[in-house]
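# Close look at the chain arrangement
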Amino acid sequence: MSQALVQFSQVFHRYPGGNGDVLKGVDFQLDAGEMVFLTGASGAGKSTLLRLLALLSRANRGQVVVAGNNLAQLKRGQVPLYRQQIGMIFQNFNLLNDRSVFDNVALPLVIRGYSHQDIGRRVRAALDTVGLLHRERARPATLSGGEQQRVGIARAVVTKPLLLLADEPTGNLDPVMAQEVMRLFERFNDVGVSVLVATHAIDLIERMGHRIVHLEDGRVVAGAGMEAASRLSLGVL
Amino acid sequence: MPVRPNADMQVEGPGWLARIAQDHARVFFFSLGKLVSQPGAALLTAAVIGIALALPAALHLAVNNFQRLAYGWQDELQLSLFLKDEVDEARGQALAESFIKRDGVKQARYLSREQTAAEFRELSGFGEVLDLLERNPLPAVIVVTPDASRSADQVEALAKELAALPEVELSQMDQQWLQRLQTLLTIVERVVLLVSALLGVAVLVIVGNTLRLDIEARRDEIEVMKLIGAPDAFIRLPFLYGGCWLGLLGSWVALLMLAVGLAVLQTPAAQLAALYHSDFAVQGPGAGTILLIIGGGVLLGVAGAWWTVSRHLAAIEPS
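Residues numbered from 1 in each chain as written. Chains lettered and ligands numbered in written order. Predicted model: local features only at pLDDT ≥ 70, side-chain atom pairs only at ≥ 80, totals over all residues.

Our focus in this paragraph is the overall build of chain A. Across its full length, chain A holds eight helices and ten strands. Relative to its length of 237 residues, chain A is compact, with a C-alpha radius of gyration of 18 Å against a globular reference of 18 Å. Long-range contacts, defined here as pairs at least 24 residues apart, represent 68% of the contacts in chain A between residues at least 6 apart. (Helix = DSSP H or I, 4+ residues; strand = E, 2+ residues; numbered from the N terminus. Rg over C-alpha atoms; globule rule 2.2 N^0.38 Å. Contact = placed C-beta atoms within 7 Å.)

Below, the structure written as structure tokens:
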């Protein structure tokens, strides 16, 4: 029997000053080692769900448990250590443009106090995996969108996180690069990293064969999966 | 349930002490590099901090020098007892000898009327005036030098006692103005402390404001760092070093200002002292004062950084 890494139980969330709940009783589970795509129209609650997992917001009601940690009970001082166990990938890359590719990828290791030798070894291994070892000295601004996203992925996986979260990681990429990024996620998933990807790229994910969780108006659509996602891509939803 | 790092993420390599040293070495060079990359802004801030540190330091040095001067004068403090005309030389000599045996008297010297007249001729430059007079108007004097170890109150009590002797017409001691000077210096000393405290706060604000702008400029970077799990202590450290560098640079500027000020004052002060037959020379800051200025600058820089960064970091959260 699979072990749940992420467990959402009747989670409600409303942003301060917002008109209504963005999440309306979400029940959702991600097993350890599983790769799941999160789909839904804009405003369905995909990004909010990822924000709750990244502890950028806390759920108003319900329970979010990650690796046995009830996120509502984590104190402010415990948040950094929690985030160190999660790799996050963003649509806008969130790279530091005044540092080299190497330094960007090294940052999570520096934060954790790895030795220089370990940092060098791990960063180069991560850059090699994403195919950017030859650009380690470059500044992010000199890279293409796809390359920047791969730097972001290398930074997210360099600490071998428990869970990889990606919010619209292919939103700014051309189809070829988007496919390459999705394949990278699969490669990390193959070595045991749990992956949760929020995406609109239905045409990409339908061929990959992973579980799809579809959100509609702040609720998980039971048993919807690929069918609902496809309707979304056709503009029916 | 507390957050547990997964086994794969356990930190490898150096122990905690070596890791702290590694962190500090990294931030040391990183923050120094940032400072060097903006030399104009850093020097401008350091100059303002330098002025804020130099002002109380200069006042402190001035008070110290005046105190040294006053202490030198205290050694030369003398009590002049002008004797009545009817006291003859033998009685005057005997009185002076009896004073020497008294507790609290270092020296007592009898000067006859002839000797006081001769001294007046030699020192005053108005000797000819005496020649115009029919008789020497100057009285015999016993010059008493109190023991320097005696307190001002004890010296005053001695002066009162000697002045009350029947042979003494008048007594005169130059202590009152010295006491006033010392009291004034005590007040100035307190003022220096107050000014130091106020300018210390000014340094905190200057450093704080400089780093606040730096924090704002690096807001995106701080957000990214928080996103990938950097604790506040990690983000704070470069700013603390930044404050430390600014304080250190400011203290060097302050020392430079003091050195220039001393160089400018040294010659005229020596010339003034020579006019009063004194070998007094303006004394610069000692090793203790130099260390205090440098240590104070660094401490205020770090404190200002801590105060600002702690306030602003809490307000920056990734969105």
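Moving on, we come to the overall build of chain B. Summing up its helical and strand segments, chain B has ten helices and four strands in all. Seen in sequence order, chain B has helices and strands lined up from the N terminus as α-α-β-α-β-α-α-β-α-β-α-α-α-α. Relative to the compact-globule value of 20 Å for 319 residues, chain B shows a C-alpha radius of gyration of 33 Å, a clear excess of over 25%. Considered along the principal axes of its C-alpha atoms, chain B spans approximately 110 × 45 × 30 Å. Residues counted as buried form 24% of the 319 residues belonging to chain B. For chain B, the share of sequence-separated contacts (at least 6 apart) that also reach a separation of at least 24 residues comes to 84%. (Buried ≥ 20, exposed ≤ 12 C-beta atoms within 10 Å, placed from the backbone.)

All names here are of chain A. Notably, Q10 is not glycine yet its phi reads approximately 45°, a positive angle. With respect to the secondary-structure elements, Q10 resides in strand β1 (residues 4-13). Taking the C-beta count within 10 Å as the criterion, Q10 has 13 such neighbours and is therefore assigned partly exposed. Unusually for a residue other than glycine, N94 sits at a positive phi of about 55°.

Before going further, it helps to examine the packing of helix α1 (residues 16-37) of chain B against helix α9 (residues 232-275) of chain B. Residue and element names in this part refer to chain B. Two elements in contact, α1 and α9, have axes separated by 9 Å at closest approach and are oriented at 55°. Judged by the angle between their axes, α1 and α9 are oblique. With respect to the hand of their crossing, α1 and α9 are arranged in right-handed fashion. When α1 is examined against α9, the residues D23, V27, F28, F30, S31, L32, K34 and L35 are found in contact with a partner set consisting of L237, P238, Y241, G242 and W245. By residue class, the composition of the contact of α1 with α9 is nine nonpolar, two polar and two charged. (Axes fitted to C-alpha atoms, helices over the stretch in contact; angles between N-to-C directions. Parallel < 35°, antiparallel > 145°, perpendicular 65-115°, else oblique. Left-handed = near helix turned anticlockwise from the far one by under 90°. Nonpolar A, V, L, I, M, F, W, Y, C, P; charged D, E, K, R; others polar.)

Residues and elements named next belong to chain A. Judged by pairing direction, the sheet is mixed, and its six strands sit side by side in the order β6-β7-β8-β3-β9-β10 without closing on themselves. The strands lining the two open edges of the sheet, one partner per strand, are β6 (86-89) and β10 (219-220). Two elements, β6 and strand β7 (residues 163-167), share four bridges in a ladder whose sense is parallel. Bridge assignment links G87 to a residue of β7, and that residue is L164. Contacting β3 (35-39), β7 and β8 (194-198), helix α6 (residues 175-190) runs over the sheet at an angle of about 155° to β8. (Pairing = 2+ DSSP bridges.)

Further remarks concern the pairing of strand β1 (residues 79-83) of chain B. All names here are of chain B. Every second residue of β1 is oriented toward a common face, the buried set being L79, L81 and L83 and the non-buried set S80 and F82. With five bridges joining them, β1 and strand β4 (residues 168-173) adopt antiparallel strand pairing. From the neighbouring strand, F82 faces β4, where its bridge partner is L170. In this sheet, strand β3 (residues 141-146) lies alongside β1 in antiparallel orientation, the contact comprising four bridges. Within β3, the residue paired with L79 across the bridge is V144.

A word on the nonpolar core. Ranked by size, the top nonpolar core spans 78 residues in total, and within it V105, A154, L164, L165 and F185 of chain A carry the most contacts. If we ignore the near neighbours within four places in the chain, the residues touching L165 of chain A are L50, L53, A54, I86, M88, I89 and L196 of chain A. (Core = buried A, V, L, I, M, F, W, Y, C linked by C-beta atoms within 7 Å.)

Before going further, it helps to examine the packing of α9 of chain B against helix α10 (residues 287-313) of chain B. Interhelical geometry of α9 of chain B versus α10 of chain B gives an angle of 145° and a closest axis separation of 7 Å. Our pair here, α9 of chain B against α10 of chain B, has a crossing hand that is right-handed.

Residue and element names in this part refer to chain A. Under the 1.5 Å per step criterion, the end-to-end length of α6 is 22 Å for 16 residues, consistent within 8% with the ideal 22 Å. Taken together, the buried positions of α6 are A178, V181, M182, L184, F185 and F188. Down the axis of α6, the smallest arc covering the buried residues is 150°, so these residues share one side. Away from the buried face of α6 by more than 90 degrees, exposed residues P175, V176, R183 and D190 are located. Where α6 is buried, its residues contact β3, α5 (145-157), β7, β8 and α7 (202-205). Directly after α6, the chain includes G192, whose backbone phi takes a positive value near 105°. (Expected span 1.5 Å × (residues − 1). Arc of directions from axis to C-beta.)

The next subject is the sheet that holds strand β2 (residues 105-111) of chain B. Residues and elements named next belong to chain B. Taken in spatial order, the four strands make up an open sheet running β2-β3-β1-β4, and their pairing is antiparallel. In the strand order of this sheet, the two ends are held by β2 and β4, each with one partner. For this sheet, the mean inter-axis angle between neighbouring strands, taken without regard to orientation, is 20°. In this fold helix α3 (residues 89-100) packs onto β1, β2 and β3, with an angle of close to 175° to the strand it touches most, β2.

It is worth spelling out the pairing of strand β4 (residues 61-66) of chain A at this point. All names here are of chain A. Note that β1 and β4 share five bridges and pair antiparallel. Paired with F12 across the bridge in β4 is R61. Here β4 folds back onto strand β5 (residues 69-70), and the loop between the two strands holds two residues, one of which, A67, carries a positive phi near 50°.

Let us now look at the confidence of the model for chain A. With 92% of its residues at a pLDDT of 70 or more, chain A shows a mean pLDDT of 88. A low-confidence stretch, residues 233-237 of chain A stays under pLDDT 50, and its non-local contacts, those more than four residues away or across chains, total eight contacts. (pLDDT = per-residue confidence, 0-100.)

Attention now moves to α1 of chain B. Under the 1.5 Å per step criterion, the end-to-end length of α1 of chain B is 31 Å for 22 residues, consistent within 8% with the ideal 32 Å. Counting buried positions along α1 of chain B gives one out of 22 residues, so the element sits mostly on the surface.

A few words now on the environment of L291 of chain B. Residue and element names in this part refer to chain B. Here L291 lies in helix α10. C-beta crowding within 10 Å serves as the criterion here: with 12 such atoms nearby, L291 is assigned to the exposed category. Remark: the alpha-carbon pair of L291 and S251, spanning 40 residues in sequence, is separated by 9.6 Å.

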